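# Descriptive analysis of the structure
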Amino acid sequence: MKFAWMMNAGGMAGVMSWIVSIPQDIIKNKQQCHIGEKPLGMMECFNQLRNDGGISRIFKGSSPTLARGYIVNLVTLPLFDALMAKWS
C-alpha cells in the first residue's frame, strides 16, 4: 500500500511541477522563436498568447508533457527512496 501511494505521490509531483513550469516554458520558447528588430519581453509574449486564445492557449498541447511528467516521477520517487534506504 505504501509503495503504491509513493508512486502516485511522485507522479502527481511531476504533474504539478510541469503545471507550474509550462507557462514560463511557452513564453521562453515564443521569445526564442521571435523574428524582429526588437526582442519580445515576457509580458509582451504573455499578452500575445492571451490575446491569441486566452489563458488556455498557454496550456494547449501540454497533455503529453504532463503524462510524461507523471510517468517519469512515478518511477523516480520510489526508486530514489529505495536507494537512499539501502545506502543509509
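Below: a short report on this structure. (Residues numbered from 1 in each chain as written. Predicted model: local features only at pLDDT ≥ 70, side-chain atom pairs only at ≥ 80, totals over all residues. Heavy atoms only, no water.)

## Some words on the nonpolar core
Keep this limit in mind: We call a set of buried Ala, Val, Leu, Ile, Met, Phe, Trp, Tyr and Cys residues a nonpolar core when their side-chain atoms join them within 4.5 Å. Burial status follows relative accessibility: with a 1.4 Å probe on protein chains alone, a residue under 20% of its type maximum counts as buried, one over 50% as exposed, and anything between as partly exposed. Any two residues whose heavy atoms approach within 4.5 Å are treated as being in contact.
Counting residues in hydrophobic clusters, the biggest one holds five residues: Ile27, Leu40, Cys45, Leu49 and Ile58. Apart from the residues lying within four places of it in its own chain, the contact partners of Leu40 are Gln31, His34, Cys45 and Gln48.

## Focus on the packing of helix H1 (residues 2-33) against helix H2 (residues 42-53)
For the record, the criterion: Helix axes are fitted to C-alpha atoms over the stretch in contact, other axes to C-alpha atoms as well, and angles between N-to-C directions run from 0 to 180 degrees. Helix and strand definitions follow DSSP, with helices as H or I runs of at least four residues and strands as E runs of at least two, each counted in order from the N terminus. Here the angle decides the label: under 35 degrees means roughly parallel, over 145 means roughly antiparallel, 65 to 115 means roughly perpendicular, and every other value means oblique.
Where H1 contacts H2, the axes come no closer than 9 Å and their chain directions differ by 105 degrees. Classified by the angle between their axes, H1 and H2 sit roughly perpendicular to one another. Of the residues in H2, those in contact with Ile26, Ile27, Lys30 and Gln31 of H1 are Met42, Cys45, Phe46, Gln48 and Leu49.

## Considerations on the environment of Ala67
Position of Ala67 relative to the elements: it lies in helix H3 (residues 63-87). Note: C-alpha distance between Ala67 and Gly14 (53 residues apart in sequence) is 9.0 Å.

## Things to note about the environment of Phe46
Inspection of the secondary structure puts Phe46 in helix H2. Classification of Phe46 as partly exposed rests on a relative accessible area of 22%. Separated by ten residues in the primary sequence, Phe46 and Ser56 have C-alpha atoms spaced 12 Å apart. Ignoring sequence-local partners within four residues, the contact set of Phe46 consists of Ile27, Ile55 and Ile58.

## A look at the environment of Leu66
Here Leu66 shows up in helix H3. As for Leu66 and Lys38, which are separated by 28 residues in sequence, their C-alpha atoms are 33 Å apart. Apart from residues lying up to four places away in sequence, Leu66 is in contact with Val15, Trp18, Ile19 and Ile22.

## Details of the state of the cysteines
Put simply, the rule reads: For the purposes of this analysis, a disulfide is any pair of cysteine sulfur atoms at a distance within 2.5 Å.
Summed over all chains, the structure comprises zero disulfides. With no disulfide of its own, Cys33 lies 10 Å from the sulfur of Cys45, the closest cysteine sulfur. A relative accessible area of 63% means that Cys33 is categorised as exposed. Classification of Cys45 as buried rests on a relative accessible area of 0%.

## Details of H1
Here is the rule: Each residue after the first adds 1.5 Å to the expected span of a helix. Bend angle per residue: angle between axes fitted to the 7 residues ending at that residue and the 7 residues starting there.
If you check H1, its first and last C-alpha atoms are 45 Å apart, about what 32 residues at 1.5 Å a residue would give, namely 46 Å. Along H1, the sharpest kink reaches roughly 40 degrees, centred on Ser21 and followed within four residues by the proline Pro23. Contacts made by the buried residues of H1 are with H2 and H3.

These figures come from the coordinates and say nothing about function on their own.
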